[in-house]
Amino acid sequence: MSETIHIYHTNDLHSHFKNWPRIKSFLAERKSWHEEAGDVCLILDIGDHVDRSHPYTEGTAGQGNVLLLNEAHYDAVTIGNNEGITLSKDELNDLYVEANFEVVVSNLFDLQGRRPDWAKPFHVIHTKNGTRIGLVGATAEFTPFYQKLGWKITDAKQSIIETVKEIENEVDLIVCLSHLGVKEDELLAELCPQIHLILGAHTHHIFHDGKWQGNTLMGAAGKFGFYIGHVTVEEQFEKSSAQLIETSQLRKVEEGFDEFLVEQGKLQLGELVFHSTKSLKAEWFKDSEMGLLFGQALIEFTEADCALFNAGIFMQDMPKGALTRYDFHKMLPHPINPCLVELSGAELKEIYLQSLNAEWPQLELKGMGFRGVVFGKMLHMNMEITDHHFYINGQLAMHDQIYKLVTLDMLTFGYFFPSLKRAPKTYFMPEFLRDVFSQYFHSKALK
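As the structure is a computational prediction, the values presented were derived from the model and not from experiment.

A. Representation of the overall build of the protein in the model. Along the protein, the regular secondary structure elements total 14 helices and 24 strands. Compactness check: the protein gives a C-alpha radius of gyration of 24 Å against a globular reference of 22 Å for 447 residues, within 12% of the reference. For the C-alpha atoms alone, the extent of the protein along its principal axes is close to 80 × 45 × 40 Å. Here the protein holds 447 residues, and 57% of them are scored as buried. Carbon and sulfur atoms make up 48% of the accessible area of the protein, which totals about 19,400 Å².

Here is the structure:
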């Protein structure tokens, strides 16, 4: 390489648009600086820019995010799990139709083994001075969720290694866009030392000054647009460096941008669902009528015997009067799907007892699709313990009989209930909790 290359990177924005005007302005300014100096400037995003907890993203099915990336002149992105498994297959296939940048992801295929038209396993950029920069990328393996949506996801590290082998003799610099998480990135650097630079995401980790793993430089910029990553690649790569720019320290531009996007989303989600004759209060620490109706909606939708979920999911009261998709989005903003789990009576009783953990209601939960504040009380539908006996639907539960429990996908990942992770289960996709709840009321209104 006979030139200096500047690479700016963002990751895990999760539709937190408050800092976006500063990010956009900063990137435009730096790109102008570097190009005037005769240097190369690339702008990359490492996934989870989309998050359907924001009404603008929900209302535009993520295409509004792509418009923002276009306006900031990004060169390439990879997808995160929020792009990959919170959109339906059709929505993901339509997401990048208007993109002015490349989408690099090597481990996503349809069920027939065909790579989607909008994705490519690598992209090579040729600079004015003849440097060949190879971009490779992959996303985290949420296999059952991708399969349910009609996608096949393959081993991420292996797909990157194979892609690097394909291009390593054709490029001068290999940059990996990895939405795999920090531990996977560290292992990837050991398995594939041909990669010069790994830009990480997914686990929201931060490398203020980069991290050298062998001869591979790693960069990561946290989450929510709090930081912009900047890697300077020198002619002698071992002298390259990484740093983070804190967006809160950049000059303010375009005040009220996030509020403007919320209003745009509100317009997009203005479709009337039904007219409520009374208001319902969102209660985090006790049973409520809203919780009761939500449990009924889950059971009716999945044909389950019983339901289990946490009250912290309810983020807004249900107002009296005309209710739109926007109202249901405010109530249940989480990108969380229902899940039907098959359990014996004995297993279900054990889970019921675990759910009574007195520490959980106050737990400040982050991640796993949860966009609330605290976990809240565990709510139970159609199951109870009376006089030391466990009942399902008013009937004494049989120790060996198999029952169907509907719960939230985040409760099946093993953190709260390890047995739910191991049990046979069916995820309902692409429906989110708000879709199930709104359909329940809409169907009642039509009767």
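B. Representation of the packing of aromatic side chains. Counted according to the given criterion, the structure contains 29 aromatic pairs. Measuring from ring centre to ring centre gives 6.0 Å for Phe17 and Tyr56, while their planes differ by 85 degrees; the resulting arrangement is edge-to-face. Pair noted here: Phe17 is in the loop between strand S1 (5–10) and helix H1 (20–36) and Tyr56 is in helix H2 (residues 55–60), with a separation of 39 residues, a long-range link. Between Trp20 and Tyr74 the ring centres are 6.1 Å apart and the planes differ by 15 degrees, which places this aromatic pair in the stacked class. With Trp20 in helix H1 and Tyr74 in the loop between helix H3 (63–71) and strand S3 (76–77), this residue pair connects regions lying 54 residues apart in the sequence. Here Trp20 matches Tyr74 in class, with each residue buried. Of the aromatic side chains, those joined through ring pairs into one cluster are Phe274, Phe294, Phe309, Phe314, Phe328, Phe437, Tyr440 and Phe441. Its end group placed over the ring of Trp151, Lys89 keeps NZ or CZ at 5.1 Å from the ring centre.

C. Examining helix H12 (residues 345–354) more closely. Within H12, burial applies to Gly345, Leu348, Ile351 and Tyr352. One side of H12 holds all its buried residues, which, seen down the axis, span an arc of 120 degrees.

D. The arrangement of the pairing of S1 in detail. For S1, the buried fraction is high: six of the six residues fall into the buried class. Alternating positions in S1 separate into two faces, Ile5, Ile7 and His9 on one and His6, Tyr8 and Thr10 on the other, with burial throughout. Sheet analysis places S1 next to strand S13 (residues 227–233), joined by five bridges and oriented antiparallel. Bridging from a neighbouring strand, His6 pairs with Thr232 of S13. Relative to strand S2 (residues 40–45), S1 is paired through six bridges, and the arrangement is parallel. Looking at S2, one finds that His6 is bridged to Cys41.

E. Summary view of unusual backbone geometry. Note the cis peptide between Met429 and Pro430, where omega equals 10 degrees. Within the element layout of this structure, Pro430 appears in the loop between strand S24 (425–427) and helix H14 (433–446). For His204, which is not glycine, the phi torsion reads 60 degrees and is therefore positive.

F. Spotlight on H3. Restricting attention to buried positions, one finds in H3 the residues Gly64, Asn65, Val66, Leu68, Leu69 and Asn70. Of the surrounding elements, those touching the buried residues of H3 are H1, S2, H2, S3, helix H5 (89–95) and helix H9 (257–268). Trailing H3 by a residue or two, His73 shows a phi angle of about 60 degrees, which is positive.

G. Summary view of the sheet that holds strand S22 (residues 395–396). Taken in spatial order, the three strands make up an open sheet running S20-S21-S22, and their pairing is antiparallel. The sheet is open, and its two borders are formed by strand S20 (383–386) and S22, each paired with just one other strand. This element, H12, spans S20 and strand S21 (389–392) of the sheet and lies at about 80 degrees to S20.

H. Up close: the state of the cysteines. According to the stated counting rule, one finds zero disulfides in the structure shown. Left unpaired, Cys176 is separated from the closest cysteine sulfur, that of Cys192, by 8.2 Å. Cys306 supplies the cysteine sulfur nearest to Cys339, a cysteine that is in no disulfide, at a spacing of 13 Å.

Scoring rules and cut-offs
Every chain is numbered on its own, with residues counted from 1 as its sequence reads. This being a predicted model, a pLDDT of at least 70 is required before a residue's local features are given, and a value of 80 or more before pairs of side-chain atoms are given or counted; all residues contribute to the totals for chains, interfaces and linings. Values shown for side chains rest on all heavy atoms present in the structure; no hydrogens or waters enter the calculation. Each helix corresponds to a stretch of at least 4 residues labelled H or I by DSSP, and each strand to a stretch of at least 2 residues labelled E; elements are numbered beginning at the N terminus. Our radius of gyration looks at C-alpha atoms and nothing else; its globule reference is 2.2 Å times the residue count to the power 0.38. Classification of residues uses two cut-offs on accessible area relative to the type maximum, computed with a 1.4 Å probe and protein chains only: under 20% is buried, over 50% is exposed, and between them is partly exposed. The protein chains shown are the only cover counted for residues, whose accessible areas, like all others here, come from Shrake-Rupley with a 1.4 Å probe. By convention, a stacked pair of Phe, Tyr or Trp rings (six-membered ring in the case of Trp) has centres within 6.5 Å and planes under 30 degrees apart, an edge-to-face pair has planes over 60 apart, and any other such pair is tilted. Each ring is checked for a lysine NZ or an arginine CZ that lies within 6 Å of its centre and within 35 degrees of its normal; such an atom marks a charge sitting over the ring. Think of the arc as the fan of directions from the helix axis to the C-beta atoms. For two strands to pair, DSSP has to find at least two bridges joining them. Residue contacts follow a heavy-atom distance rule, with two residues in contact if any of their heavy atoms lie within 4.5 Å. Structural elements are reduced to axes, namely lines fitted to C-alpha atoms, with helices fitted over the stretch in contact, and the angle between N-to-C directions of any two is expressed from 0 to 180 degrees. Cysteine sulfur atoms are paired as a disulfide whenever they come within 2.5 Å of each other.

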